[in-house]
Amino acid sequence: MGEATVERSGKQRMRGWGAALTALVLLGGVVATASVASASTSPAALVATSGPAGTLHSGTAGPGPITTATGAGASLPGAPSASVGAPAAGPGTATVAPDAGSASVPAAPLPGWLHTDGATIVTADGSPYVIKAIAWFGMETGNCAPHGLWSISLDAGLAQIASMGFNTIRLPYSNECLASGVTTSINANANPGLVNDTPLQLMDAVVQTAKSYGLNVILDRHRPDSGAQSPLWYTDRYSEATWIADWTMLAQRYANEPSVIGFDLHNEPHGTACWGCGDPALDWQAAATRAGDAVLAVNPQLLIVVEGVEVQSGDSYTWWGGGLADAGSALVSLSVPDRVVYSPHDYPASIFAQKWFGASDYPANLPAVWDANWGYLVKQDTAPVLLGEFGTTLQTDSDRAWLGTLVEYLRSNGMSFSYWSFNPNSGDTGGIVKDDWVTPQAEKLAALAPIIGTGSSVPVHVPAPTATATPPATPRPTGGGTPGSRVWPIPGTAGPKVAPFPGSTVPGTTPGTAPATPPGTSGTVANLSGSWALQSEWNAGYVAEVTVKNNGGTSGWTISWPDPNATAVVNSWGMDCSVAAKTVTCTGSQWATFVAPGQSVTAGVQVSAPVAPKAPVFSLTSK
């Protein structure tokens, strides 16, 4: 497993760094032009590039297609069967249903397979359909699971999203997670049916549970590996062949599941990625055509979501994935017509001070900026646009003006969208819920109301278990340099202000990868054995999990480890924890109070600390 990091993974898609990123791509060993097939080469002819032993996979990570559930609330084995931390009733808030059994709760009607008609997304009968999505990230990180499942149940999160008025989940993933056999940081009490799932099985559970709440799913290949975002659709570890093979595997897996409406082929092409330039190593438009045709050969019903690039013709720069000014004259033309949806990203001045934010007529100048970069595709009835990411902490007047203008632009043009993000631990935008993963961000919801409505209470399908764990809150990181957030300098300055998370790539650094396994330690005492593992960390704290196994008589337990940087315990589950004398001490509680002979328990803690211990020597005692 790679080190889990807190998003936002490089939202600073600002102009500049083109030459530096080109050099970086070459330094990192990305496939050279001669090693990549031409735009006309069939996907089968694209071979995997060399890399460290064991880093590539076939793209056939699991069986498929999954069994199609019937009826509201139908789910696969391993789907969540309990929920905790459900919020109080109210608009935009989920409620716990008094009766178990999700089939008794009707889901909102789903549109079925969609296609395009000019600039409109339509259902099979031609009715217009607006995708109102929100991202729930985590399956692209080292956890290989949606973040927050350490705190809330999958049901509670999806019910909350449906309550707010969204109709779709954008689910980021990494190719590394698709090939993995394990996930981490899932609270067993809140999600008892998910803890032993592989990432692919967990993806199945998200799809089926979302469907039961009337939510579509768009799968988003967010990263090749789980530690870093890539400018191009391939890297030295994950070739174009692997990228396409994974997409075709997923197309087959969900071929009978119309709630999986679309595939977002690659998140935020940037740097040397170009649109229609003819260089097969860099031409994103050509690569999207190859991948789109391969996917549609397996399932011709899917929407193919194609993002833009950072650098447009005429040396015009915009956000990572945000530039589609060249698409109108070089459309992605697929073998199955009426399937392409273009998907730019757009962010406010708090992410990066693009030149248009300083204009004298701001924010009135924004619609013209959007028209030029991507809005013209809709206004000229060329193709639909789904604004794939937009978000803000909403802490400045400039950001409020940006969001208000953007919401009106989306509303008046009938455009689809996906908000970033549900997660409160997005480093530079925050989320749609507060740090407890439950309480809605009222000001953000009010700002989005013109395009999502005011929402209505959606009940959670199953009641919380009788003995509930205390759900851990996740503090939203503040300031620059949070893991998962890269703070880039203004072009021409000395360099990055902060070092990014392991595995990221910035000018002047050597590309790396996230560690294969989380740092941890293990040990034994009397009849007990235990292990300690770091699950995720950021600049304000960390999450660690403890597993205790009993090889003798029934026993309670206490574990402690030195941490000179710890200042407080934010929350814990399965144990009661405190900080004193530069030591974190935890005692089993709730479901993990006692460990039966031959059994094991896993508990977790969230600690406030500027630096996390990597492999502390812990003390384990029975009681």
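Reading the values: rules and limits
- Residues numbered from 1 in each chain as written.
- Predicted model: local features only at pLDDT ≥ 70, side-chain atom pairs only at ≥ 80, totals over all residues.
- Heavy atoms only, no water.
- Pairing = 2+ DSSP bridges.
- Helix = DSSP H or I, 4+ residues; strand = E, 2+ residues; numbered from the N terminus.
- Salt bridge = Lys/Arg side-chain N within 4 Å of Asp/Glu carboxyl O.
- Buried < 20%, exposed > 50% of the residue type's maximum accessible area, 1.4 Å probe, protein only.
- Axes fitted to C-alpha atoms, helices over the stretch in contact; angles between N-to-C directions.
- Core = buried A, V, L, I, M, F, W, Y, C linked by side-chain atoms within 4.5 Å.
- Contact = heavy atoms within 4.5 Å.
- Parallel < 35°, antiparallel > 145°, perpendicular 65-115°, else oblique.
- Left-handed = near helix turned anticlockwise from the far one by under 90°.
- Nonpolar A, V, L, I, M, F, W, Y, C, P; charged D, E, K, R; others polar.

Chemist: Please provide a residue-by-residue account of the sheet that holds strand 8 (residues 303-307), values included.
Modeler: Reading across from one edge, 11-8-7-6-5-4-13-12 is the order of the eight strands in this open sheet, with parallel pairing throughout. Of all the strands in the sheet, just strand 11 (340-343) and strand 12 (386-387) have a single pairing partner and so form its edges. Bridge analysis of strand 4 (residues 132-135) against strand 5 (residues 168-174) gives three bridges, and the strand direction is parallel. By the bridge assignment, Ala133 is partnered in strand 5 with Thr168.

Chemist: Tell me about the pattern of salt bridges, and please be specific about residues and values.
Modeler: In the structure shown here, the tally under the stated rule is 12 salt bridges. With a closest N to O distance of 2.9 Å, Arg170 and Glu389 form a salt bridge. Within this pair, whereas Arg170 is found in strand 5, its partner Glu389 is found in the loop between strand 12 and helix 8 (397-413), the two being separated by 219 residues in sequence. The exposure class assigned to Glu389 is buried, which follows from its relative accessible area of 0%. When the shortest N-O distance is used, the salt bridge between Arg400 and Glu443 registers 2.8 Å. Residue Arg400 is found in helix 8, and its partner Glu443 is found in helix 9 (residues 442-452); the two are separated by 43 residues along the sequence. Residue class for Glu443 comes out partly exposed when judged on its relative accessible area of 42%. A cluster of three or more residues bridged by salt bridges with shared partners is formed by Arg170, Asp220, Asp264, Glu307 and Glu389.

Chemist: Provide a residue-level description of the sheet that holds strand 21 (residues 583-588), including the pertinent values.
Modeler: A sheet is described by the order of its strands in space; here four strands give the open sequence 20-21-18-23, paired in antiparallel fashion. The open sheet has two edge strands, strand 20 (575-580) and strand 23 (619-622), and neither has a second partner. Going from strand to strand, the sheet's axes swing by 15° on average, the running direction of each strand aside. Where strand 18 (residues 557-562) lies against strand 23, four bridges are found, and the strand directions are antiparallel. Its bridge partner lying in strand 23, Trp557 is registered against Ser622.

Chemist: Run through the pairing of strand 17 (residues 541-550), naming residues and quoting values.
Modeler: For a regular strand, the rule is simple: side chains alternate between the two faces of the sheet. A large share of strand 17 lies buried, amounting to eight of its 10 residues. In terms of strand pairing, strand 17 meets strand 22 (residues 600-608) through nine bridges, oriented antiparallel. Residue Val548 lies in a different strand from strand 22, and its bridge partner there is Val601.

Chemist: Lay out the nonpolar core in plain terms, naming residues and giving numbers.
Modeler: Proteins that are soluble and globular tend to have nonpolar side chains buried together. Residues Leu219, Leu250 and Phe390 are the most contacted members of the largest nonpolar core, which totals 109 residues. Discounting residues that sit within four places of it in the chain, Leu250 has contacts with Tyr173, Leu178, Leu200, Met203, Leu219 and Phe263. Among the nonpolar cores identified, the runner-up in size contains 25 residues, and Ala544, Ala592, Ala609 and Ala612 belong to it.

Chemist: I'd like a description of the packing of helix 4 (residues 199-212) against helix 5 (residues 240-253), backed by residues and values.
Modeler: Relative to each other, helix 4 and helix 5 sit at 45°, their axes nearing to 13 Å. In terms of their interaxial angle, helix 4 and helix 5 are classed as oblique. Crossing of helix 4 against helix 5: the hand is right-handed. Facing helix 4, whose interface residues are Leu200, Gln201, Met203 and Asp204, helix 5 presents Met249, Leu250 and Arg253. Grouping the constituent residues of the contact of helix 4 with helix 5 by class yields four nonpolar, one polar and two charged.

Chemist: Before we move on, could you go through unusual backbone geometry and cite the residues and values that matter?
Modeler: Cis geometry is found at the peptide bond from Tyr362 to Pro363, where omega equals 5°. Looking at where Pro363 falls in the secondary structure, it is placed in the loop between strand 11 and helix 7 (366-379). Cis geometry is found at the peptide bond from Trp420 to Ser421, where omega equals 10°. In this fold, Ser421 is placed in the loop between strand 13 (416-419) and helix 9. Look at Asp381: it is not a glycine, yet its phi comes out positive at around 55°. The class for Asp381 is partly exposed, based on a relative accessible area of 49%.

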